[in-house]
Amino acid sequence: PKNLHHEQAWRTPGILETDPPMHTAMRTAMTDVISPRGVRTLREQFQVYADELVDSVVDAGEFDGVTEFAEKFPLRVFADAVGIPRDGREANLLPHGAMNFSTFGPENDLHRQYFELGEPTRDWVMANCARENLTPDGLGAQIWQHADAGSISPEQATLLVRALLSAGLDSTVLAIGNVLRLLLDNPEQWAIVRANPRYVKFAIDEALRLESPFQSFYRTASVDVTFHGVDIAAGEKVLVFPGAANRDPDKWGPDADKYQVERQAGGHLAFGMGIHQCVGQPISRLEMDVLFTALANRVDTLEPTGPAEPFVHNTLRGSSSIPLRVAA
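Enquirer: Please explain the overall build of the protein chain as it appears in this structure.
Expert: When helices and strands are tallied, the protein chain shows 16 helices and nine strands. The C-alpha atoms of the protein chain give a radius of gyration of 20 Å, which matches the 20 Å a tight globule of 328 residues would have. Expressed along its principal axes, the backbone C-alpha trace of the protein chain runs to roughly 55 × 55 × 40 Å. A buried classification covers 50% of the 328 residues belonging to the protein chain. Approximately 15,300 Å² of the protein chain is accessible, and the part contributed by carbon and sulfur atoms is 53%. Taken as two groups, the 29 positive and 44 negative side-chain charges of the protein chain have centres that lie 4 Å from each other.

Enquirer: Explain helix H13 (residues 200–210) here, please?
Expert: For an α-helix the count is 3.6 residues per turn, leaving residues at separations of three or four pointing the same way. Across the 11 residues that make up H13, a large majority, nine, are buried. Inspection of H13 places Val 200, Ala 203, Ile 204, Asp 205, Glu 206, Ala 207, Leu 208, Arg 209 and Leu 210 among the buried residues, and these make up the whole buried set. Looking at the buried residues of H13, the elements they touch are helix H11 (170–185), helix H12 (187–195), helix H15 (249–252) and helix H16 (281–298).

Enquirer: I would appreciate a short explanation of the side chain of Asn 92 in the present structure.
Expert: Relative to the helices and strands, Asn 92 resides in helix H6 (residues 89–102). Given a relative accessible area of 12%, Asn 92 falls into the buried group. A polar atom in the side chain of Asn 92 sits 2.8 Å from the backbone oxygen of Gly 88. Look past the residues within four positions of Asn 92 in its chain and what remains in contact with it is Pro 120, Thr 121 and Trp 124.

Enquirer: Even after reading the chapter, I still don't get the environment of Tyr 199, so can you show me in this structure?
Expert: Secondary-structure assignment places Tyr 199 in the loop between H12 and H13. Owing to a relative accessible area of 16%, Tyr 199 belongs among the buried residues under this scheme. As for Tyr 199 and Gln 189, which are separated by 10 residues in sequence, their C-alpha atoms are 9.7 Å apart. Those residues in contact with Tyr 199 that sit more than four places away from it in its chain are Ile 192, Val 193, Val 261 and Glu 262.

Enquirer: Explain unusual backbone geometry here, please?
Expert: Here the bond from Pro 20 into Pro 21 is cis, since omega is 5 degrees, no more than 30 degrees from zero. Within the secondary structure, Pro 21 is located in the segment before helix H1 (22–33).

Enquirer: For this particular structure, what's the right way to read the pattern of salt bridges?
Expert: Where side chains of opposite charge bring their charged atoms close, a pairing between them can arise. Overall, the coordinates contain 20 salt bridges when judged by the stated rule. For Asp 289, the salt bridge identified is with Arg 43, shortest N-O distance 3.1 Å. Of this pair, Asp 289 sits in helix H16 while Arg 43 sits in helix H3 (residues 43–60); the two residues are 246 residues apart in sequence, bridging distant segments of the chain. Taking the relative accessible area as the measure of exposure, Asp 289 reaches 7% and is therefore buried. Among the residues examined, Arg 43 registers a relative accessible area of 36% and is labelled partly exposed. The salt bridge involving Arg 298 is made with Asp 55; its shortest N-O contact spans 2.8 Å. Of this pair, Arg 298 sits in helix H16 while Asp 55 sits in helix H3, and the two are 243 residues apart along the sequence. Its relative accessible area of 32% is what places Arg 298 among the partly exposed residues.

So, how was this worked out
- Residues numbered from 1 in each chain as written.
- Predicted model: local features only at pLDDT ≥ 70, side-chain atom pairs only at ≥ 80, totals over all residues.
- Heavy atoms only, no water.
- Helix = DSSP H or I, 4+ residues; strand = E, 2+ residues; numbered from the N terminus.
- Rg over C-alpha atoms; globule rule 2.2 N^0.38 Å.
- Buried < 20%, exposed > 50% of the residue type's maximum accessible area, 1.4 Å probe, protein only.
- Areas by Shrake-Rupley, 256 points an atom, 1.4 Å probe, with all protein chains shown as cover.
- Lys, Arg positive; Asp, Glu negative; His and termini not counted.
- Charge placed at Lys NZ, Arg CZ, Asp CG, Glu CD.
- Contact = heavy atoms within 4.5 Å.
- Polar contact = N/O pair within 3.5 Å; in protein donor to acceptor, adjacent residues only side chain to side chain.
- Salt bridge = Lys/Arg side-chain N within 4 Å of Asp/Glu carboxyl O.

Structural data, given as structure tokens:
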């Protein structure tokens, strides 16, 4: 909720907190690194671990869909793709992301709780975004090539790698958990996906619409505007709720609160819109597509073994635990 035009930021502003022209250079570098062609090359290595992970949960029979599934996959494949060391990921990346996203909500007790948990991770994250600690063939190293070419500064390169880790992990973990929970709660929808795995992409988009990992965030008006009869002055803060827009019956119909994998859910706002639309969404979509396709090919039934526990956060929506049983 801080107005960065008038208040000091809690950290050096990165791609999320800046506008053109500063934003343009960083966005261009990030878009080049996360191009559709570049992302497609990641499918094979994502597939290897997806098969391994799905085999392990099938062998186990019963497992937690968050800690043993939704968290494990991005922590391995996404962080490998960025090129950061494996040691220390689980202890640092998840609490760091929860802290970052808490800045999009009010400074209440939850905000302070996540900052207390995340503060010790800042040095580890920044150190592992530096060039010398990244693998030479990862996405992080590709961002640093833009610094070498002079299109962004070395400080901006570090901030972009940090943005990749911050924005590409927690929201994907929560999205995977939300897809899994909705399929558990709607077994007839899982039957559709199981019978025809091409519906995996539809199941993911519908889950992103119905249970958006990013429920709300603040924006700052750049010009004076009257919006639906409300006067908003330049520089004022505006709180927007994409999670509510994604359930608007005027857009999605009278069954907007139902999970229907055959729905055409394209056009939802889970990734935002405009120049600040999530630049990492192709990777997030690829992760979920590979993982749930592997699940659909190996698992016949999904069955909850207890109630899912909510992940309580000012901005994010998901689960902290999803106990379930699967049968091959």
